[in-house]
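Fold and contact review
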Amino acid sequence: MRATLSMCKRFLGRPFSSAISLLLGLTLILTLHENTATLVRSQTQPEISLVSLPSSIQLGSSATIEFKLTGVANPKNYEVYFALYPKVLTRTGLQQREHRPPRTYPTSISSATPLAGLATRSGHYRITVPVDVAGQNGVNPPNCGASCAGNYPLELRIAASSTGAVITKLFVIEPILSGPSSRPLTTALLVRYAPNTLSPQSFSQLAGFLQTHNGASLTLTISGAILEQVYQSNSPAMIAARSELSRWSTIPGHELIVSPFANAPLNCLPTNGALGSLQSQLLFGRKQAIDHNGLLASPSALDLAETSSPAVVRLASSLGFHTLVVPETLVSQLGLNLTLSSPVLLSHRSTTLFGIDPLITNEILHATSESGAAMLNADLAQIYFEAPYTSTTRVIVGQINLTQNTELKALGTAIAELSSSPIVHLVTVGEAQTTSTPLQLSPSRLSSAPSLKCSTANEKLQQSARSKISGLSSIAPRSSLASELASDYLQSESQQDSPSLQTTLLKRIVESADQAFSHIGLVTGATVTLTAKNTSIPVTVTSNLHYPVHVLVRIDSLRLDYPSGPSEIVTISKSTSTISIPVTVKSPGSFPISIALQTPNGTVISRSTIGVRSTAFSLAGLILTFGALGVFLTWWGRSLFQTHSLKAKPTRPNGEPQ
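All of the points below concern the structure found in this document. Here the structure is a predicted model, which is why all the values come from computation and not from measurement.

As a further point, take the environment of Cys 454. Looking at the secondary structure, you find Cys 454 in the loop between β19 (439-441) and α14 (459-475). Between the alpha carbons of Cys 454 and Pro 270 there is a distance of 9.5 Å; along the sequence they are 184 residues apart.

Listed in full, the buried residues belonging to helix α10 (residues 358-365) are Ile 360, Thr 361, Glu 363 and Ile 364. Along the axis of α10, the buried residues cluster in a sector spanning 165 degrees; they form a single face. In this structure, the buried side of α10 is in contact with α3 (91-96), β10 (185-193), β16 (351-356), α11 (370-386), β17 (395-402) and α12 (405-419).

A separate point is the sheet that holds strand β7 (residues 125-131). On the basis of which strands lie adjacent, the open sheet formed by 3 strands has the order β1-β3-β7 and antiparallel pairing. Edge strands, defined here as strands with exactly one partner in the open sheet, are β1 (47-52) and β7. Pairs of neighbouring strands in the sheet enclose a mean axial angle of 40 degrees, with direction left out of account. The pairing of strand β3 (residues 61-70) with β7 spans 7 bridges and is classified as antiparallel. For Ser 61, the partnering residue across the bridge sits in β7 and is Val 131.

Before going further, it helps to examine the packing of aromatic side chains. Tallying each qualifying case throughout the model produces 4 aromatic pairs. An angle of 75 degrees between the planes, with centres 5.1 Å apart, marks the rings of Phe 261 and Phe 284 as edge-to-face. Of this pair, Phe 261 sits in the loop between β12 (254-258) and α7 (278-291) while Phe 284 sits in helix α7; the two residues are 23 residues apart in sequence, bridging distant segments of the chain. For the pair shown, Phe 261 and Phe 284 are each scored as buried. Seen from the ring of Phe 321, Arg 286 lies directly overhead, with NZ or CZ sitting 4.3 Å from the centre.

What counts as what
- Residues numbered from 1 in each chain as written.
- Predicted model: local features only at pLDDT ≥ 70, side-chain atom pairs only at ≥ 80, totals over all residues.
- Heavy atoms only, no water.
- Helix = DSSP H or I, 4+ residues; strand = E, 2+ residues; numbered from the N terminus.
- Buried < 20%, exposed > 50% of the residue type's maximum accessible area, 1.4 Å probe, protein only.
- Arc of directions from axis to C-beta.
- Contact = heavy atoms within 4.5 Å.
- Pairing = 2+ DSSP bridges.
- Axes fitted to C-alpha atoms, helices over the stretch in contact; angles between N-to-C directions.
- Phe/Tyr/Trp six-rings, centres within 6.5 Å; stacked < 30°, edge-to-face > 60°.
- Lys NZ or Arg CZ within 6 Å of the ring centre and 35° of its normal.

No statement about biological role is implied by the geometric values presented.
Right, dumping it as structure tokens:
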């Protein structure tokens, strides 16, 4: 470094031909200074990170910890030892101890071991430390008797051999067991596949992950909207991935459960059965999950992790969903001193509620490293240590939303950590429902709060789209178009979509329905002549659709009566069909008739008007007409005769008649 500075001084002492030379010299000096500072920091600030840690330690055995150490030039100058602190008593205390040791003295400190002798071929370090109450070289919990089991803060320290000064340390929480686990803590991992945009790559990654972790008990939930896209895709990668998903769903210990069709605001939807309601979101989601060949989904389990409305729970229970996964916020509304490790059974409805633990959920998401996975394991162990010898089966449910690769990595690390733990038993939600001991709760505990009606800028457009879809369903119940547009409508309720995207989707629904309706029409021609009182009006309907449709034809005129009604439903199975509607003509003459072509549920497809000329006379009409003419002629004749008689009589001179 000194030689470099001398060279720079000589260089700077020469006259510069330009300002660029000066700038280059200064840049060289700053770069050298920064590199030197980095080298000094790397030598004076070693860093330690965890590579592997046992999920638990049996008292009287040894713990082997593997770690990575950087910034140490000569391992021979350092040594390693452990410090054990008093056990953690609560989950709150565990969260406080996550990244720092307690403000107390260690209960025991192990003997020091030279660092150089712990090196492995991979460049890591591995140390084994005995854990026993009466241990000499290891770490010793205090004289705790039968209550030794618990989570213990354990600190691994790297110190200078010559001075004993600690240069770096690693802090972990380690579960210590005093005996075999009598009843492991039942744990269900709910995996929600919810990408913002479905792609063959992301779905293939999910299928590959499931195949890799084939032996793990997992509960998978995929929305109906995503499943619909998956099974409509012709991508070879998507076809192969969904085949793997179908195979995975048939294996015991694997579970696929239903979720609402889209990520809609369920708390705001009305509970009636019409399209756009909460019921349509739930039932359409179940239909998509159980209709696909080879894909086995539980029809009675439902993922409601995105809602906290008691009204949603009540409706789901009435629709036959008997296993509901709900957020912790909903469980807290029940007004009881409940723990999330105890499911809730709604008596008289046979519906079990599993509350999702938010802490476990957050820890699964952050289990991307060994340290994060160790914290997840310690948290579940803390719940276990609250009642290690209970006779009831307790259940903890954690969830993770898979939207990117980092979350798959976190889930994989969490599965590996929990699968090796003797105090955690991984199961599916369905298995937990059959083995757990739930708390009994009256359905009346679910508050009678009504569903919220959320305002929306697209309310009129939504109403128009629902009407069009309903009309399509009524004219062609077996047509796939109505079903496709219905799923598009439910997707438009997704909270993930922007208002502009929702508007675009709704407009496309209306346009698609109108385009289908435009292929159905009325044939109107010359004026129709009616020559009898009781006759019929012929109406011709055309259809260019490739499937049969049911339409309603309605006529209207004040000059007609309708013995069988003014409308008739007709099935058009070919391009042109003509129907005749019986009518009774009230009076002869020319008049218009209005004709409406509608769907069976009343949506107007088109309107037209035809001219009618009636030449029919009824017997009663003839009698009345000629009778009136006779009366008129009699009256006219008498008037004429009286006038003639008056003119024929003589008059007096003063002009008066004699």
